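Listed below are the residues making up each chain.
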Amino acid sequence: MAFSKDFLWGGATAANQVEGGVLEAGRGLSNIDVLPFGPDRLAVQKGELKMLDWQEGYYYPAKEAIDMYHHYKEDIKLFAEMGFKVFRMSLSWSRIFPTGEEETANEAGLKFYDDIFDELKKYQIEPLVTIAHFDVPIHLVKKYGGWRNRKLVDLYLRYAQTVLTRYQGKVRYWITINEINVLVHQPFVGGGIVFEETDNRQEVIYQAAHHQLVASALVTKAAHEIDKNNRVGCMLAGGSHYPYTCRPEDYQEAIKRDREGYFFIDVQARGKYPNYALKKFEREKLTIVMAPQDEAILAASPVDFVTFSYYCSRTVSAHPEDSEQATGNIIPSIKNDYLKSSEWGWQIDPLGLRNSLNQLYDRYQKPLFIVENGVGAIDQPDETGFIDDEYRIEYLREHIKAMKAAIEIDGVELLGYTSWGCIDLIAASTGQMSKRYGYIYVDRDDLGNGSLKRSKKKSFYWYQRVIHSNGEKLDSKSLSIKETVRV
Ligand code: BG6
C-alpha cells in the first residue's frame, strides 16, 4: 500500500476566498478584501495600482465569498461525509487583530475559529492552519507599506503567538505564510506592497521577503516553545520549470527560474540564505537591510516540513520571444506543446507533480505535504442540478497516481494531500466564482448572485471513495451518478 494508514487526505481553502463576513464581529479589512473584480484586479495585485478601500462602481468578491462565516457547520459536515482526515484553512489576521496594531486580540474573532476547530474535532478532522494566506490588515498597508516595513515582523509575531497560544491542543499543523514566493510576482497579494515611483522594486520585494523570512523563523520558534507537538511548515507556489529545448542556456534559465521560488524555501528549510541569492543582491546592487541577530534567527528555526501547491508545470526559454506565452498560476510560462491546458490555460502535467515531489525531497530531505492541487473548471449543472465533473476527477486521479508513484517508487516522504478548493470558492487570480475547484457546488455567480446552496458533485462521491480506500480506488466507472456511493 502506497499511503500509510495515517496519510492525511483532505481539502484546502483560505479565509478570504470562503468566509465573507468581512465586517462581522469587529473584523477589519485586509489587502485581499479590496481586490476588485474585473480588469483592474491584476494591477492592484501587482502593487501597480493603489486601491486601498472599497470604491464605488466595483464589485469585491471577498466581501461575501461563499459565506462560510455562516455556513461552516454545514460545510464541515460535508467534509466529514467525504471522510476528510485534515482540513486546510487559514485564519483571517484582521478578524483577530482588526488593524493589526491592537494590544489585545478581538475575542469574537478568536471565538469564531474556536468554534470551527471544535466542529472539526467533532468529526476527528485535523486542522492544518495557514497563519497568513495572502493576508495583511489594510491598516498596516496604509501605515507601514505592508511587509516592506520591519514593523510587520513584530506585529505578525504577536498575531501568531496569540493564535498559537489560544489554539494550543486544537491545532498541531501550522503553515506560516502561504505561497511565500508569490511576493515576487504579486507583491500586493503576497506582502501588501504598493509601489511608489521612486522604488527600486526588486529591493522592496527582497527587503519584504527578508522580513517575512525572519518572521516565519520567529513564529516557528514560538510554535515549538508553546507546544512541542506543534509542526510548522513553509509553503511554496510550486510547479517547476522545464527548459523549452535541450539548449544548455534554456536549462540554465530553468534553474534560474526555479530558484526564484526555492530561494524562500532554501532559507526556511535550511536556515540560511543561499549563495545565489546573496550574489544576486550584490550583482543587482540591492541593499537588503538585515539586523545583526537575523542570521542566528534564521539558523535557529528551520521548518519541520515543506508544503507546496501544484497546479501545473512551467516552461522557460532563454529566448522567450521565439515561443508562445501560456497562462499559469501567477508565475509566467511559455507554451509546452506536450501538455494540454485547462480552460484557463494552465498546463496540465501530472508527472510534473512527481517531478516536483522528487526535486523538493532531494533538496530538503524533509517530509512534504501537498496542500493545494486541482483544476479550475466551469461546471454546468444538468436539469436536476447535478454536476457530472468527470474532467475534475480525471485531473485529480492522474495527480494522485503521480503522488502515489513518488511515494511507492521514489520513496518520497509525504504527510498528506489537501486538494484545493474542496468547496467552490472565489478564485484568487481572477476573483471569479465560475472558476470552480470543488467537490461541493456553491450556487453563486461571478457577480454575487445565487442562493449559496451547497450540493454534491460527482467528484464528491469519487473523493469519498478515494479516501475510504486510502488512495487505492481511483477509478470512477462504478460510481453511480446521483446516488451516494457505497464505499
Ligand atoms: C494558489 C493560492 O495560488 O492558487 C490560492 O494559494 C488560489 O489562494 C489557488 O486560489 C488557485 O488559483 P486561482 O487563481 O485559480 O484561485
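Just so it is clear, the structure is predicted and the values come from calculations on it, not from any experiment.

## Observations regarding the overall build of the protein
Part 1 of the reasoning: Scanning the protein for helices and strands turns up 16 helices and 16 strands.
Part 2 of the reasoning: Against the 2.2 N^0.38 benchmark of 23 Å for 487 residues, the protein shows a C-alpha radius of gyration of 21 Å, consistent with a compact globule.
Part 3 of the reasoning: Principal-axis analysis of the C-alpha atoms gives the protein an extent of 60 × 55 × 50 Å.
Part 4 of the reasoning: When contacts within the protein are restricted to residue pairs at least 6 apart in sequence, long-range pairs at least 24 apart make up 75% of them.
Part 5 of the reasoning: Accessible surface for the protein amounts to roughly 19,100 Å². Of this, 50% is attributable to carbon and sulfur atoms.

## What to know about the nonpolar core
Part 1 of the reasoning: Counting 149 residues, the largest nonpolar core has F79, L91, F263 and M403 as its most contacted members.
Part 2 of the reasoning: With twelve residues, helix 10 (residues 201-226) is the largest single contributor of residues to this core.
Part 3 of the reasoning: When near neighbours in sequence (up to four residues on either side) are disregarded, M403 contacts F3, F7, W9, L353, L357, I370, L414 and Y417.
Part 4 of the reasoning: Counting nine residues, the second largest nonpolar core, distinct from the first, contains V86, L128, Y173 and F369.

## A look at the side chain of D424
Part 1 of the reasoning: You can see D424 is positioned in the loop between strand 14 (414-420) and strand 15 (440-442).
Part 2 of the reasoning: Of the polar contacts made by the side chain of D424, one reaches the side chain of R436; its length is 2.6 Å.
Part 3 of the reasoning: Once residues within four sequence positions are removed from consideration, D424 is found in contact with I66, M433, R436, Y437, G438, I440, Y441, V442 and K457.

## Let's talk about the site of the ligand
Part 1 of the reasoning: As a matter of local geometry, the ligand sits amid 16 residues, with Q17, E179, A428, S429 and Y437 nearest to it.
Part 2 of the reasoning: In this structure, H133 approaches the ligand through a side-chain N or O atom, which is 2.9 Å from an oxygen atom.
Part 3 of the reasoning: One of the side-chain N or O atoms of E372 is found 2.7 Å from an oxygen atom in the ligand.
Part 4 of the reasoning: In terms of residue class, the shell around the ligand is made up of eight nonpolar, five polar and three charged.

## As for the side chain of N16
Part 1 of the reasoning: Here N16 shows up in helix 1 (residues 15-18).
Part 2 of the reasoning: Separated by 3.4 Å, the side chain of N16 and the backbone oxygen of H133 make a polar contact.
Part 3 of the reasoning: Residue contacts for N16: discarding those within four places in its chain leaves I32, A62, A65, H133 and F134.

## As for the pattern of salt bridges
Part 1 of the reasoning: This model, assessed by the stated rule, comprises 39 salt bridges.
Part 2 of the reasoning: The salt bridge partner of D199 is R148, with a shortest N-O separation of 2.9 Å. With D199 in the loop between helix 9 (187-191) and helix 10 and R148 in the loop between helix 6 (138-144) and helix 7 (151-166), the pair connects residues that are 51 residues apart, well separated along the chain.
Part 3 of the reasoning: A salt bridge links D389 to R392; the nearest nitrogen and oxygen atoms lie 2.7 Å apart.
Part 4 of the reasoning: Judged by its relative accessible area of 0%, D389 falls in the buried class.
Part 5 of the reasoning: According to the relative accessible area criterion, R392 is buried, its value standing at 1%.
Part 6 of the reasoning: In this structure, a network of salt bridges that share partners links the residues D379, D389, R392, D424, R436 and K457.

## Description of the state of the cysteines
Two cysteines joined by a covalent bond between their sulfur atoms form a disulfide.
Part 1 of the reasoning: Under the defined criterion, the tally for this structure stands at zero disulfides.
Part 2 of the reasoning: The structure places no disulfide on C422, whose sulfur is separated from the nearest cysteine sulfur, that of C312, by 20 Å.

## Quick notes on the sheet that holds strand 7 (residues 305-310)
Part 1 of the reasoning: Overall, parallel pairing links the eight strands, which are arranged 1-2-3-4-5-7-13-14 in a closed barrel. Each neighbouring strand pair of the sheet contributes to a mean axis angle of 25°, computed without reference to strand direction.
Part 2 of the reasoning: Both strand 13 (residues 368-373) and strand 14 contribute to a ladder of two bridges, which runs parallel. Among the inter-strand pairings, I370 is bridged to a residue of strand 14, identified as Y417.
Part 3 of the reasoning: Its contacts with the sheet place helix 14 (residues 350-364) against strand 5 (231-237), strand 7, strand 13 and strand 14, and it is angled at close to 155° to strand 7.

## Some thoughts on the environment of D115
Part 1 of the reasoning: As for its position among the elements, D115 is in helix 5 (residues 107-122).
Part 2 of the reasoning: D115 sits in the partly exposed class, given a relative accessible area of 23%.

## What about the UniProt feature "active site" (unreviewed entry) in the protein?
Part 1 of the reasoning: Under the local residue numbering, the UniProt record ascribes the feature "active site" (unreviewed entry) to E372.
Part 2 of the reasoning: The residue E372 is located in strand 13 in this model.
Part 3 of the reasoning: What E372 contacts, discounting residues up to four positions off in sequence, is R88, H133, N178, E179, M235, F308, S309, Y310, Y311, T418 and W420.
Part 4 of the reasoning: Here R88 takes part through its side chain, which lies 2.9 Å from a polar atom of the side chain of E372.

## Quick notes on the confidence of the model for the protein
Part 1 of the reasoning: Per-residue confidence for the protein averages 96 on the pLDDT scale, and 98% of its residues sit at or above 70.
Part 2 of the reasoning: A low-confidence stretch, residues 483-487 (pLDDT under 50), is modelled with eleven contacts involving residues beyond four sequence positions or located in other chains.

## Topic: unusual backbone geometry
When glycine is set aside, most residues are seen to have a negative phi, and most peptide bonds are trans.
Part 1 of the reasoning: In this structure, Q124 takes a positive phi of about 55° despite not being glycine.
Part 2 of the reasoning: Note that Q124 resides in the loop between helix 5 and strand 3 (126-132).
Part 3 of the reasoning: For N470, which is not glycine, the phi torsion reads 50° and is therefore positive.
Part 4 of the reasoning: Its location among the elements puts N470 in the segment after helix 16 (458-468).

## Details of the pairing of strand 13
In summary, the side chains of a regular strand alternate between the two faces of the sheet.
Part 1 of the reasoning: Of all six residues in strand 13, six are buried; the element is thus mostly enclosed.
Part 2 of the reasoning: Handedness of the crossover joining strand 13 and strand 14 through helix 15 (residues 390-408): right-handed.

## Overview of the packing of helix 3 (residues 68-82) against helix 16
Part 1 of the reasoning: The contact between helix 3 and helix 16 brings their axes to 8 Å, and the two run at 55°. Classified by the angle their axes make, helix 3 and helix 16 are oblique. Note on element contacts: helix 16 touches helix 3 through F460, Y463, Q464 and I467, opposite L78, E81 and M82.
Part 2 of the reasoning: Taken together, the residues that form the contact of helix 3 with helix 16 break down as five nonpolar, one polar and one charged.

## Describing the packing of aromatic side chains
The relative placement of two aromatic rings is captured by the distance of their centres and the angle of their planes.
Part 1 of the reasoning: Under the counting rule described, the total for this entry stands at 33 aromatic pairs.
Part 2 of the reasoning: Arranged with centres 5.4 Å apart and planes meeting at 70°, the rings of Y206 and F263 form a pair that is edge-to-face. Of this pair, Y206 sits in helix 10 while F263 sits in helix 11 (residues 248-270), and the two are 57 residues apart along the sequence.
Part 3 of the reasoning: Judged by its relative accessible area of 5%, Y206 falls in the buried class.
Part 4 of the reasoning: Joined through ring pairs, the aromatic side chains of F3, F7, W9, F79, F84, F87, Y417, Y439, W462 and Y463 make up one cluster.
Part 5 of the reasoning: We note R95 situated over the ring of F112; from NZ or CZ to the ring centre the distance is 5.2 Å.

Reading guide: rules and limits
- Residues numbered from 1 in each chain as written.
- Predicted model: local features only at pLDDT ≥ 70, side-chain atom pairs only at ≥ 80, totals over all residues.
- Heavy atoms only, no water.
- Helix = DSSP H or I, 4+ residues; strand = E, 2+ residues; numbered from the N terminus.
- Rg over C-alpha atoms; globule rule 2.2 N^0.38 Å.
- Contact = heavy atoms within 4.5 Å.
- Areas by Shrake-Rupley, 256 points an atom, 1.4 Å probe, with all protein chains shown as cover.
- Core = buried A, V, L, I, M, F, W, Y, C linked by side-chain atoms within 4.5 Å.
- Buried < 20%, exposed > 50% of the residue type's maximum accessible area, 1.4 Å probe, protein only.
- Polar contact = N/O pair within 3.5 Å; in protein donor to acceptor, adjacent residues only side chain to side chain.
- Near = heavy atom within 4 Å.
- Nonpolar A, V, L, I, M, F, W, Y, C, P; charged D, E, K, R; others polar.
- Salt bridge = Lys/Arg side-chain N within 4 Å of Asp/Glu carboxyl O.
- Disulfide = S-S within 2.5 Å.
- Pairing = 2+ DSSP bridges.
- Axes fitted to C-alpha atoms, helices over the stretch in contact; angles between N-to-C directions.
- UniProt positions renumbered as here; feature names shortened; annotations may be inferred.
- pLDDT = per-residue confidence, 0-100.
- Right-handed = clockwise from strand over helix to strand, strands pointing away.
- Parallel < 35°, antiparallel > 145°, perpendicular 65-115°, else oblique.
- Phe/Tyr/Trp six-rings, centres within 6.5 Å; stacked < 30°, edge-to-face > 60°.
- Lys NZ or Arg CZ within 6 Å of the ring centre and 35° of its normal.

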